[in-house]
Amino acid sequence: MDEYWLFFGMLAMFLLALGLVLFFLTYQRRILRQQREYQQKEAEYQQQLMRANLLSQEKERNRIGKDLHDGVGAMLSTSKLYFRHLRQDVDSEKFDALKKKAMNLLEETMNSVRRVSHDLKPVVLERLGLVEAIANMADQLSESGVIKVCFKSNWVGQIDKEFELNWFRIVQELLSNGLKHSGANEIFMELDGTDEQIQFQYTDNGVGLQSKSEASAGLGMQNIASRLNLMQGEFEFQEKHNGGFAIKMHSATGPDNA
Amino acid sequence: MSENYLIFAKISQASILIPCFLALFRFKTLTSEQRLIAMLVWISSITEIAARIKIDFYEDPNTIPLYHVYVIVSFIVINKIFRLVLASKLELLVIDLSLFMFLVFAIMNTILWQPLSQLNSNAIVVSNLTYILYAVLYFRSSLSSDQSLNINKNPIFWFNTGVLLYNSGAFFLFLILYNYLGDNRELLTAGLTLNQLFNLLLNGFYSKSLIIQARR
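Residues numbered from 1 in each chain as written. Chains lettered and ligands numbered in written order. Predicted model: local features only at pLDDT ≥ 70, side-chain atom pairs only at ≥ 80, totals over all residues. Heavy atoms only, no water.

Student: Lay out the environment of Ile187(A) in plain terms, naming residues and giving numbers.
Tutor: Residues and elements named next belong to chain A. The topology assignment puts Ile 187 in strand β2 (residues 186–193). Ile 187 gets classed as buried once you look at its relative accessible area, which sits at 2%. Here the alpha-carbon distance between Ile 187 and Asp 204, two residues 17 residues apart in the chain, equals 4.4 Å. (Helix = DSSP H or I, 4+ residues; strand = E, 2+ residues; numbered from the N terminus. Buried < 20%, exposed > 50% of the residue type's maximum accessible area, 1.4 Å probe, protein only.)

Student: Now, about the environment of Asn177(A): what can you tell me, with residues and values included?
Tutor: Residue and element names in this part refer to chain A. With respect to the secondary-structure elements, Asn 177 resides in helix α5 (residues 161–182). The sequence separation of Asn 177 and Met 221 amounts to 44 residues, and the corresponding C-alpha distance is 9.1 Å. Those residues in contact with Asn 177 that sit more than four places away from it in its chain are Ser 182 and Gly 220. (Contact = heavy atoms within 4.5 Å.)

Student: Tell me about the pairing of β2(A), residues and numbers included.
Tutor: Residues and elements named next belong to chain A. Looking at chain direction, strand β1 (residues 148–153) and β2 are connected through six bridges and run parallel. Note that in β2 the partner of Lys 152 across the bridge is Glu 190. The parallel pair β1 and β2, bridged by α5, forms a crossover whose chirality is left-handed. In this sheet, strand β3 (residues 197–204) lies alongside β2 in antiparallel orientation, the contact comprising seven bridges. Looking across to β3, one finds that Gly 193 is bridged to Ile 198. Counting the residues in the hairpin turn of β2 and β3 gives three residues. (Pairing = 2+ DSSP bridges. Right-handed = clockwise from strand over helix to strand, strands pointing away.)

Student: I'd like a rundown of a nonpolar patch on the surface, residues and numbers included.
Tutor: Residues and elements named next belong to chain B. Taken together, the side chains of Leu 90, Leu 93, Leu 97, Phe 100, Met 101, Val 104, Ile 107, Met 108, Ile 111, Leu 112 and Trp 113 present a nonpolar region at the surface, about 1200 Å² in accessible area. Position of Leu 112 among the secondary structure elements: in helix α5 (residues 89–113). Overall, the relative accessible area of 52% leaves Leu 112 in the exposed class. (Patch = residues over 30% accessible without salt bridge, like charges linked within 9 Å, V, L, I, M, F, W, Y side chains within 5 Å. Areas by Shrake-Rupley, 256 points an atom, 1.4 Å probe, with all protein chains shown as cover. Salt bridge = Lys/Arg side-chain N within 4 Å of Asp/Glu carboxyl O.)

Student: Break down the packing of helix α2 (residues 17–26) of chain B against helix α3 (residues 32–56) of chain B for me, citing the residues and quoting the values.
Tutor: Residue and element names in this part refer to chain B. Where α2 meets α3, the axes come as close as 9 Å, and the angle between the chain directions of the two elements is 135°. Taken together, the axis directions place α2 and α3 in an arrangement best described as oblique. Handedness of the crossing formed by α2 with α3: left-handed. For the pair formed by α2 and α3, the contact residues are Pro 19, Cys 20, Ala 23 and Leu 24 on the first element and Ala 38, Val 41, Trp 42 and Ser 45 on the second. Considering only residue class, the contact of α2 with α3 consists of seven nonpolar, one polar and no charged. (Axes fitted to C-alpha atoms, helices over the stretch in contact; angles between N-to-C directions. Parallel < 35°, antiparallel > 145°, perpendicular 65-115°, else oblique. Left-handed = near helix turned anticlockwise from the far one by under 90°. Nonpolar A, V, L, I, M, F, W, Y, C, P; charged D, E, K, R; others polar.)

Student: Just give me the short version of the pattern of salt bridges, but keep the residues and values in it.
Tutor: Residue and element names in this part refer to chain B. Under the counting rule described, the total for this entry stands at seven salt bridges over all chains. As a salt-bridge pair, Asp 96 and Arg 83 come within 2.7 Å of each other at their nearest N and O atoms. Taken together, the residues span a long stretch of sequence, with Asp 96 in helix α5 and Arg 83 in helix α4 (residues 64–85) at a distance of 13 residues. The class of Asp 96 is partly exposed, set by a relative accessible area of 32%.

Student: Tell me about the interface of chain A and chain B, and name the residues and values.
Tutor: The interface is formed by 20 residues belonging to chain A together with 27 residues belonging to chain B. Between chain A and chain B we count zero salt bridges in total. Counting across the chain A and chain B interface gives zero residue pairs in polar contact (both at pLDDT 80 or more). Across the side of chain A that touches chain B, the residue classes tally to 15 nonpolar, three polar and two charged. (Polar contact = N/O pair within 3.5 Å; in protein donor to acceptor, adjacent residues only side chain to side chain.)

Student: Mind laying out the nonpolar core, listing which residues take part and the relevant values?
Tutor: In this structure, Ile37(B), Phe82(B), Tyr138(B), Phe157(B), Phe159(B) and Tyr206(B) are the most contacted members of the largest nonpolar core, which totals 66 residues. With 13 residues, the single largest contributor to this core is helix α7 (residues 155–180) of chain B. Those residues in contact with Phe157(B) that lie beyond four places of it in its chain are Val21(A), Phe24(A), Leu25(A), Tyr138(B), Phe139(B) and Ile151(B). Membership of the second largest hydrophobic core comes to 33 residues, among which are Met137(A), Ile159(A), Met189(A) and Ile247(A). (Core = buried A, V, L, I, M, F, W, Y, C linked by side-chain atoms within 4.5 Å.)

Student: Provide a residue-level description of unusual backbone geometry, including the pertinent values.
Tutor: Residues and elements named next belong to chain A. Backbone geometry at Gln 232 places phi at a positive 55°, although glycine is not the residue there. Secondary-structure assignment places Gln 232 in the loop between α7 (219–230) and β4 (234–237). Look at Gln 232 and you get exposed, because its relative accessible area is 57%.

Student: With reference to specific residues and values, describe the sheet that holds β3(A).
Tutor: Sheet strands pair by backbone hydrogen bonding; their relative direction is either parallel or antiparallel. Residue and element names in this part refer to chain A. Pairing is mixed across the open sheet formed by five strands, whose spatial order is β1-β2-β3-β5-β4. Bordering the open sheet on either side are β1 and β4, each of which pairs with just one other strand. Across the sheet, the mean angle separating the axes of adjacent strands is 10° when strand polarity is ignored. Together, β1, β2, β3 and β5 (245–252) form the strand contacts of α5, whose direction differs from that of β3 by roughly 10°.

This is a description of form; function is not addressed.
Following this line, the structure appears as structure tokens:
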């Protein structure tokens, strides 16, 4: 009887230890599999963001190309025609009329080039900084009478130039989405933060989101996500009980603070 | 003890030579943890050889004093191995404390309760329990680590498994057999046979841990 107890005891302890080892191996494999799946999803997400970024760049290039061709190109061609007709032997009345038309066209051409150039690199942002640039955008939209845009900011920190441009484009994208898709007549934006972190809140009284996943899949949102990702930032959609769209985002103010 | 047991015991004891020679031939390519395992294996081999010489050439079957020393020295080496592979402050504290406490206990046990003429089963049982604790700590540490564990490139996994399996079985043997079942020779032989089997298994795991080309 003692023998059996001894064998049983030793075997039981051995099997318990063996069970522990097998549990460890199984659990470890599960953790590794989960890690691999997470890494794969992360890589797919990064690819998606990159694709969205490239698509957006191409779209922008096409738009600028079209603006230059249809706008500037056409006006310069017409100007050339007028200048061809400007001859010394033409009567002075006709000469003055042609000269005036040519000068007006040149003026329009310069405005078009200025507009395209502004789209490429906003002057207000360069000269006055992010807060003023956003305030400027808000004012311009409000002056149109179509929509009321309120912008509030107490932030007086410094921000890296690349991050500043990213934030400007994010706000541009949000305003563009708001105008095109939301049907809102009021937009509220707030910029806040510290020397290390910048926080931005956007709210409108439009139709809101059908679903968060649908919103995240849109090209505009993917662009925003991509830009935030570059700045190690994050965003989250916020619930709005009375309809509309609200989003909160934040990032560092520079690569050193990321 | 029966003839069969003696043959089996000799085979089991001789099996330590496999990891011993593996460690010798591969020493230059071993990592620091593997070198400590090699040291442990050599210490075990030397103890076995010394015991064998004592029995065969000096015809003195009392090899128990050797095991008093062996239990302490092997504890120090195994403690060093786990100290290298465990990372958290709490785990290291446990390792250091247990070394100090075991050394004090083992020496006091030899002086006060189980002198050199008697097998130091108390110290052996305590060391078995401590090794089981170290092994569980290692598995826990591996699971909570954010680095993946490739068991084909990790010698400590095999060493740890061997230590856990052997000591789980041996703990019960030394606890029950020597402390509660007195001079029952048949039972002792049965228990020791099982122990030799576990010993073979342990040496197998030692060999595996020394064969592996570990990541540096």
